[in-house]
Amino acid sequence: KPGEQKHPKEPSSFQCMHLAVVACGDRLEETLIMLKSAVLFSNRRLCFHIFAEDSLKPEFEKKLKEWPSSYTKKFESNIYPITFSVGNAQEWKKLFKPCAAQRLFLPVILKDVDSLLYVDTDVLFLRPIDDIWHLLREFNSTQLAAMAPEHEIPKIGWYSRFARHPYYGTTGVNSGVMLMNLTRIRSTQFKNSLIPGGLTWEEMLYPLYQKYKNYITWGDQDLLNIIFYFNPECLYVFPCQWNYRPDHCMYGSNCRGAEEEGVSILHGNRGVYHDGKQPTFKALYEVIRDFPFEDNLFQSLYYPLQSKFLDTVHTLCGRIPQVFLKQIEKTMKKVYENRVIVYLGANHRY
């Protein structure tokens, strides 16, 4: 199955779900809270691939070691320097946000990883990573990556109104949450606007950037949109509840999947975790940040969240608290059943 190695003697690191993130500048805390949300709810073991500036590496190592053993045993972490295999490193570093272009090079750097989930630092998991990891099994024979649409409504979407370069579909895609089958990416010849034939992923990146650099606004995300414009058969599109951003509620609710199922992955772009513009997003971030690892999830996470949401009803996002609470409540019930009810039941039988 995509995302899982089949060799019987493979090391344990191949048996886990691989999660990659790129952290530079002041993104240390944000990244740690994202990783915390991943560990809180995941079922299978996690492998973290953290790409960070050299100055941040000791801090990451120190903070992760401080987590209680009941959680540190659920993951292993690797921290890598920021590196770019082709082109001008300084140009790549300055593309959009500091170091964000690093994600484009994950297939080249992580040669022994079959599949992974890449997320931005400002992402929070409100349900187990296992659930989005299972989407790898839904890829058809040509699909090698998955992202959510940039917007649900073309007439108010950014790409459909302002883009000066090719982009995927009618609204473009947002790369803040991206499933990648790295094995397929490494072995594919991609159609492009550079030469009549195909190019490998690594061959394509820098020439593509050189061609479109005067037209792109959102850096590496724009490059991904250009790539999948020419290779639409390679992309699996998952619904908006897997990459729920302020755009989905700040103009009125426009993510049907989240209305029906609840938000699965929250993406607090626009800096909303740290200002007062979208207090619903900030409330979720602060509650997960402040949650003591081994406390009761309902008492120390869910109930404080409900209380904070009462202060956000004056905003459009705050008027639909059930969208934010539905999935996390369901997830916590499962965690409670797994850790308490099943454990007590097993003891009771003996």
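Per chain, residue numbering runs from 1 following the sequence as it is written. Whole-chain, interface and lining totals are the exception, using all residues; otherwise, since this is a predicted model, local features are given only for residues with pLDDT of at least 70 and side-chain atom pairs are given and counted only at 80 or more. Here the side-chain values reflect all heavy atoms present in the structure, with hydrogen atoms and water set aside.

Trainee: Outline the sheet that holds strand S8 (residues 235-237), listing residues and values.
Mentor: Here the rule is simple: two strands pair whenever DSSP picks up at least two bridges between them. Labels follow the DSSP assignment, with helices taken as runs of H or I lasting at least four residues and strands as runs of E lasting at least two, numbered in each case from the N terminus. With mixed pairing, the seven strands of this open sheet are ordered in space as S3-S2-S1-S4-S7-S6-S8. Because the sheet does not close on itself, it has two edges, and the strands there are strand S3 (75-80) and S8. Across the sheet, the axes of successive neighbouring strands diverge by a mean angle of 25 degrees, strand direction being ignored. Bridge analysis of strand S1 (residues 17-23) against strand S2 (residues 46-52) gives seven bridges, and the strand direction is parallel. Bridged to Ala23 within S2 is Ala52. Running over the sheet, helix H2 (residues 57-65) touches S1, S2 and S3 and is turned about 170 degrees from S3. Together, strand S6 (145-149), strand S7 (173-181) and S8 form the strand contacts of helix H10 (residues 220-230), whose direction differs from that of S7 by roughly 65 degrees. In this analysis, axes come from line fits to C-alpha atoms, helices being fitted only over the stretch in contact, and the angle between any two N-to-C directions falls in the range 0 to 180 degrees. The contact rule is simple, with two residues in contact once any of their heavy atoms fall within 4.5 Å.

Trainee: Lay out unusual backbone geometry with the relevant residues and their values.
Mentor: Residues apart from glycine generally show negative phi values, whereas peptide bonds are mostly found in trans. Of note in this structure, Arg270 is not a glycine but carries a positive phi near 65 degrees. Within the secondary structure, Arg270 is located in the loop between strand S9 (265-267) and helix H12 (279-290).

Trainee: Give a description of the nonpolar core that names residues and reports values.
Mentor: The biggest cluster of nonpolar side chains holds 75 residues, and the ones touching the most others in it are Leu19, Phe125, Ile132, Tyr244, Leu266, Phe324 and Ile328. Ranked by the residues each element gives to this core, the list is headed by helix H1 (residues 28-41), at nine residues. Not counting residues up to four positions away in its chain, the partners in contact with Leu19 are Met34, Leu35, Ala38, Cys47, Phe48, His49, Leu117, Val119, Phe125 and Ile129. Throughout, nonpolar core names a set of buried Ala, Val, Leu, Ile, Met, Phe, Trp, Tyr and Cys residues whose side chains join them through atoms within 4.5 Å. For every residue, the accessible area obtained with a 1.4 Å probe (protein chains only) is divided by the maximum for its type, and the residue is called buried under 20%, exposed over 50%, and partly exposed between those limits. If you look at the next biggest cluster of nonpolar residues, it comprises 41 residues, including Ala101, Met180, Leu199 and Cys234.

Trainee: Tell me about the packing of helix H9 (residues 201-212) against H10, and name the residues and values.
Mentor: Packed helices, taken two at a time, are described by their axes: the angle between them and the distance between them. Taken N-terminus to C-terminus, the directions of H9 and H10 make an angle of 110 degrees; their axes are 10 Å apart at the nearest point. One way to sum up the angle between H9 and H10 is to call them roughly perpendicular. Of the two elements, H9 crosses H10, and the hand of that crossing is right-handed. Side by side, H9 and H10 meet where Trp201, Met204, Leu205, Leu208, Tyr209 and Tyr212 of the first sit next to Leu223, Leu224, Ile226, Ile227 and Phe230 of the second. Under the convention adopted here, Pro, Cys and the residues Ala, Val, Leu, Ile, Met, Phe, Trp and Tyr are nonpolar, Asp, Glu, Lys and Arg are charged, and Gly plus all remaining residues are polar. Grouping the amino acids of the contact of H9 with H10 by side-chain chemistry returns 11 nonpolar, no polar and no charged. Here the word oblique covers every angle except those under 35 degrees (roughly parallel), over 145 (roughly antiparallel) and from 65 to 115 (roughly perpendicular). By convention the crossing between two helices is left-handed if the near helix lies anticlockwise of the far one by an angle smaller than a right angle, and right-handed if it lies clockwise.

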